[in-house]
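Here's the letter readout for the chains.
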Amino acid sequence: MTSSVSDVVIVGGGIVGIATAYFLAKSGVKCTVIERDAVGSHASGFAYGGLSPTGDSDASGNLLPDAQVSNEGMRLHREFATRLQAETGINTEFRERPTLSLAFTEQEVQAAKSHVSKLGQIEGWTARWLDAADAKAIEPRISDAAIGAIYSEGGADVEPYRFVLALLGAAENLGATIRHGEVIGLKREGNRVTGVVLNNGEVSSDCVVLAAGPWTGDASSWLNIPINISPLKGQILRLRAPGTPFRVSIGWDGNYATTKPDGLLWTGTTEEEAGFDENPTPEARDQIMTSLLKMIPSLEDAQLVQQTACLRPLADDGQIVLGGVHDWNGVYIATGTGRKGILLGPAMGLITSDLITKGATDIPIEQFSPSRFAR
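So, here is what we can say about the structure in this document. Quick caveat: nothing in here was measured; it's all calculated off a predicted structure.

1. As for the pairing of strand E15 (residues 229-240)
Okay, so step 1: Most of E15 is tucked away, with 10 of its 12 residues classed as buried.
Okay, so step 2: Inspection of the sheet shows E15 paired to strand E19 (residues 303-315) by 12 bridges, in the antiparallel sense. Bridged to Lys233 within E19 is Leu311.
Okay, so step 3: Here E15 pairs with strand E18 (residues 265-268) via 4 bridges, running antiparallel. Its bridge partner being in E18, Leu239 is matched across the sheet by Leu265.

2. Let's talk about the pattern of salt bridges
Side-chain pairs of opposite charge can arise where the charged atoms are in close proximity.
Okay, so step 1: Within this structure, the stated rule accounts for 15 salt bridges.
Okay, so step 2: A salt bridge links Arg36 to Asp37; the shortest N-O distance between them is 3.4 Å.
Okay, so step 3: Judged by relative accessible area, which is 36%, Asp37 ranks as partly exposed.
Okay, so step 4: A salt bridge links Arg141 to Glu139; its shortest N-O distance comes to 2.9 Å.
Okay, so step 5: The exposure class assigned to Glu139 is buried, which follows from its relative accessible area of 5%.

3. Observations regarding the sheet that holds strand E6 (residues 99-103)
The pairing of strands in a sheet comes from backbone hydrogen bonds and takes either a parallel or an antiparallel form.
Okay, so step 1: The strand order E7-E8-E6-E16-E17-E18-E15-E19 describes an open sheet built from 8 strands, whose pairing is mixed. What marks the edges here is a single partner per strand, and that holds for strand E7 (126-131) and E19. Averaged over all neighbouring strand pairs, the angle between strand axes comes to 20°, with direction disregarded.
Okay, so step 2: In the packing of helix H4 (residues 106-120) onto the sheet, contacts are made with E6, E7, strand E8 (148-153) and strand E16 (249-252), and the angle to E7 comes to roughly 155°.
Okay, so step 3: Lying over the sheet, helix H8 (residues 282-295) contacts E6, E15, E16, strand E17 (255-259), E18 and E19, oriented at roughly 60° with respect to E15.

About the criteria used
- Residues numbered from 1 in each chain as written.
- Predicted model: local features only at pLDDT ≥ 70, side-chain atom pairs only at ≥ 80, totals over all residues.
- Heavy atoms only, no water.
- Buried < 20%, exposed > 50% of the residue type's maximum accessible area, 1.4 Å probe, protein only.
- Helix = DSSP H or I, 4+ residues; strand = E, 2+ residues; numbered from the N terminus.
- Pairing = 2+ DSSP bridges.
- Salt bridge = Lys/Arg side-chain N within 4 Å of Asp/Glu carboxyl O.
- Axes fitted to C-alpha atoms, helices over the stretch in contact; angles between N-to-C directions.
- Contact = heavy atoms within 4.5 Å.

Structural data, given as structure tokens:
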């Protein structure tokens, strides 16, 4: 059994854990990321990579905390678009990408029109409602059944696996280290954490960040508090589609389709309660194709190249889980991103780093406290 010492131990090598390591390392903190499998080998490496922050605000027009985290994530992605390639040589394929969000019923039209004003509140975003003819002028291949669409600019996407690898490379250049192993418990003295126990050793540390995605719930028994996180399975198809590449992303009712820099059309997704089963299924393939053909009927002859599945971490109240753990000095949790992991990950990493190095963060996170599940 091997043992080592680190200022901070981060459990989980997905985007949240690696982002935390990056910002800690940038602050001069010695940190170790412990990953059971391979970095970015779960949701962070198989996500779509869409970046669409929210503009939710209160009655006074102030951005709500979840919107602040979301917008901070977008700001960081724009910075990383050039910084990471300069630091690591890895192109994360960040690109601005306009979107046509389709509406097929009058109810969807009304919801879409009300959403236009919310999108307009997001810094750097523009959005307008288009009737069917104007929407088709932008992308003629959308369905004739679409009544209209929101055309929005300001969103973007990134290649998730490349992004995680670039962030990892930059973190390692700053002194962060990666260790493979499975964390099976925590050590403590009084109310302070003193390290983590692995299946192949121990790492002593007085600061631990739990960022293991849907597996973070395993820590409930270590901490003796409920962590109500469960896996939300999502599947994506990559297709070789006939015709020219799509210049805009097409969306409807949580579904999307866009031509990625690899030349393939990526389309999805599902939201499944399937436990920890990460296997692609024919049922999901058919569901995604049905939604795709509703949006773009001409893709009936598209060729399936790859089908992927991943598990996103989702709290039972739908909010992220972020902050320190009551009665466990030095333990922090950062998870619960749902479908927004690639967008939120950098911001959650920065916030967690600030909590550790400064004892505070500029963005209010009280509502995200891990202690809320014990109330």
